[in-house]
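Given next are the chains, with one letter for each unit.
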Amino acid sequence: MNPIQHDGTGGIFAYWDRLRGTRAAPERREIAPAAIGSRLADTFILQATGTSEPQFRLAGTRLCSIHGKELKGQHFTSLWQTKDRSNISRLVKNCMVSKTVIRLTCEGKSTRGRKALFELILLPLANEANELHLMGMIATLGRPFWLESDAIVENRIQSLSFINPHNPSRAALGEPAPAYDASHSSDDVAAPSARRIISRKVRHLRVLDGGKISD
């Protein structure tokens, strides 16, 4: 069962899932651009070395156009509003290290104050020497007429979900999620799936155990 709702991010999740098979994550060299097809312009690859902040190794042409700049070499956190950057950094590193799929919905704000909604998915890739990588996609929810002519200058987290490939049976068992808590939130939904999915409205993130995410 594919837990991702948007056709674009759902398609790339299914592709990633097929590639990895029984592993926690596929290798970067296994990713075939031709297999992604028309969504290649919306995809990206992030890398992090040592304690460095994750940055774009590759970024699709539509993503660069939407944000009004070349993203290659830029820190991923630079796309986000200041108060979300530490959480985004932790989420990305959590994805890379623990091989957990992260799904976000966010609101982008343009230079003229216009707003657009996006769905974003982060898909971990296998470790390479001292480098960590992930593949991701940013899909527009709707198609504002002004998008790509009025650059998105900052994004704000609205909600997030994660899928843990190490615990495929948790959802079926109905066990509570141990990884994080979005405090001060009234929305706490665990959707049934073959893999564990936890969806929360995000205001603050707090570590519960495992040192995964904190505010």
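Summary of the structure given here. (Residues numbered from 1 in each chain as written. Predicted model: local features only at pLDDT ≥ 70, side-chain atom pairs only at ≥ 80, totals over all residues. Heavy atoms only, no water.)

1. Details of the overall build of the chain
Right, so step 1: Helix and strand content of the chain: five helices and 10 strands.
Right, so step 2: Contacts in the chain between residues far apart in sequence, at least 24 positions, make up 59% of those at least 6 positions apart.
Right, so step 3: Taken as a whole, the chain presents about 10100 Å² of accessible surface, with 50% of it coming from carbon and sulfur. (Helix = DSSP H or I, 4+ residues; strand = E, 2+ residues; numbered from the N terminus. Contact = heavy atoms within 4.5 Å. Areas by Shrake-Rupley, 256 points an atom, 1.4 Å probe, with all protein chains shown as cover.)

2. Quick word on the side chain of Asn155
Right, so step 1: Tracing the backbone through its elements, the reader meets Asn155 in strand β6 (residues 152–164).
Right, so step 2: Take Asn155: its relative accessible area is 5%, and that puts it in the buried class. (Buried < 20%, exposed > 50% of the residue type's maximum accessible area, 1.4 Å probe, protein only.)

3. Quick notes on the pattern of salt bridges
Right, so step 1: According to the stated counting rule, one finds 12 salt bridges in the structure shown.
Right, so step 2: Residue Arg23 pairs with Glu30 through a salt bridge whose shortest N-O separation is 3.0 Å.
Right, so step 3: In this structure, the salt-bridge partner of Asp42 is Arg62, at a minimum N-O distance of 2.6 Å. With Asp42 in the loop between α2 (33–36) and β1 (43–49) and Arg62 in helix α3 (residues 61–67), the pair connects residues that are 20 residues apart, well separated along the chain.
Right, so step 4: By relative accessible area, which is 24% here, Arg62 ends up partly exposed.
Right, so step 5: Each of Arg39, Asp42 and Arg62 takes part in a single network of salt bridges with overlapping partners. (Salt bridge = Lys/Arg side-chain N within 4 Å of Asp/Glu carboxyl O.)

4. Here we look at the nonpolar core
Right, so step 1: Counting 31 residues, the largest nonpolar core has Phe44, Phe76, Trp80, Leu104 and Leu122 as its most contacted members.
Right, so step 2: Those elements that place two or more of their residues in this core are β1, α3, α4 (85–98), β3 (101–110), β4 (115–124), β5 (131–141) and β6.
Right, so step 3: When residues in this core are grouped by element, the largest group, five residues, is from α4. (Core = buried A, V, L, I, M, F, W, Y, C linked by side-chain atoms within 4.5 Å.)

5. Some remarks on unusual backbone geometry
Right, so step 1: Phi at Lys99 takes a positive value of approximately 60 degrees, unusual for a residue other than glycine.
Right, so step 2: Relative to the assigned elements, Lys99 resides in the loop between α4 and β3.
Right, so step 3: The phi torsion at Glu148 lies on the positive side, around 80 degrees, for a residue other than glycine.
Right, so step 4: Take Glu148: it is sitting in the loop between β5 and β6.
Right, so step 5: Look at Glu148 and you get partly exposed, because its relative accessible area is 34%.

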